[in-house]
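Examining the three-dimensional arrangement
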Amino acid sequence: MFNSPVDQLEKTGAKDNASHGSVIKYLRKHRLVLFLGILSVLPLLVTQLFNVSMPGYISHILHASSVSYGITDMFYGIGVLVAGLITAKLLEKMTKKNLLIDFFLIASLALLALFIFKLNLLTFAATFLIGLSNSAYRR
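Criteria and cut-off values
Residues numbered from 1 in each chain as written. Predicted model: local features only at pLDDT ≥ 70, side-chain atom pairs only at ≥ 80, totals over all residues. Heavy atoms only, no water. Axes fitted to C-alpha atoms, helices over the stretch in contact; angles between N-to-C directions. Helix = DSSP H or I, 4+ residues; strand = E, 2+ residues; numbered from the N terminus. Parallel < 35°, antiparallel > 145°, perpendicular 65-115°, else oblique. Left-handed = near helix turned anticlockwise from the far one by under 90°. Contact = heavy atoms within 4.5 Å. Nonpolar A, V, L, I, M, F, W, Y, C, P; charged D, E, K, R; others polar. Phe/Tyr/Trp six-rings, centres within 6.5 Å; stacked < 30°, edge-to-face > 60°. Lys NZ or Arg CZ within 6 Å of the ring centre and 35° of its normal. Patch = residues over 30% accessible without salt bridge, like charges linked within 9 Å, V, L, I, M, F, W, Y side chains within 5 Å. Areas by Shrake-Rupley, 256 points an atom, 1.4 Å probe, with all protein chains shown as cover. Salt bridge = Lys/Arg side-chain N within 4 Å of Asp/Glu carboxyl O.

A few words now on the packing of helix α3 (residues 66-93) against helix α4 (residues 96-116). Relative to each other, α3 and α4 sit at 130°, their axes nearing to 8 Å. As judged from the angle between their axes, α3 and α4 are oblique. Relative to α4, α3 is oriented so that their crossing is right-handed. In contact with T87, L90 and L91 of α3, α4 contributes K96, L99 and F103. Across the contact of α3 with α4, the residue classes tally to four nonpolar, one polar and one charged.

Following this line, the structure appears as structure tokens:
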């Protein structure tokens, strides 16, 4: 008998639901895979949250003007540029694993410094370091 496309979709959907269950079982059994997956998305998530929250941080926490925001954004861009220029050279001298760990620590410390110390000049430096480390992560 002829199977309609709807029948075929229903059969496929049942198989997909079964595979979702097996993925969840696999991730429960192999928690390191789940941890590494979350860790690999973290720099992108932090960058997005950082870019969205920076105008409010400059305005409400630092009580600074749009000029400070522009300078902060410029330092982020300079950090990205420097990352593009030095990452290949650093990879010649360091292993990729060590470089990723170092840049992760740099970004973490810069974000922690922004949380603890509310200073304009520190914000410029931390933003540079965040731009540097997050861009180098993606290489």
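Attention now moves to the side chain of T72. Along the chain, the position of T72 falls in helix α3. With residues near it in sequence (within four places) discarded, T72 still touches M54, I58, T123, F124 and T127.

Attention now goes to the packing of aromatic side chains. Scanning the model with the defined rule gives two aromatic pairs in all. Each ring, one from F75 and one from F124, has its centre 5.6 Å from the other, and the planes form 10°; the classification is stacked. Of the two residues, F75 sits in helix α3 while F124 sits in helix α5 (residues 120-137), which places them 49 residues apart along the sequence. The ring of F115 carries K118 above its face, with NZ or CZ at 5.3 Å from the centroid.

Glancing now at a nonpolar patch on the surface. Taken together, the side chains of L32, F35, L36, L39, V41, L42, L45, L49, I101, F104 and L105 present a nonpolar region at the surface, about 970 Å² in accessible area. Among the secondary structure elements, those contributing two or more residues to the nonpolar patch are α2 (31-61) and α4. Ranked by the residues each element gives to the nonpolar patch, the list is headed by α2, at eight residues. Tracing the backbone through its elements, the reader meets L32 in helix α2.

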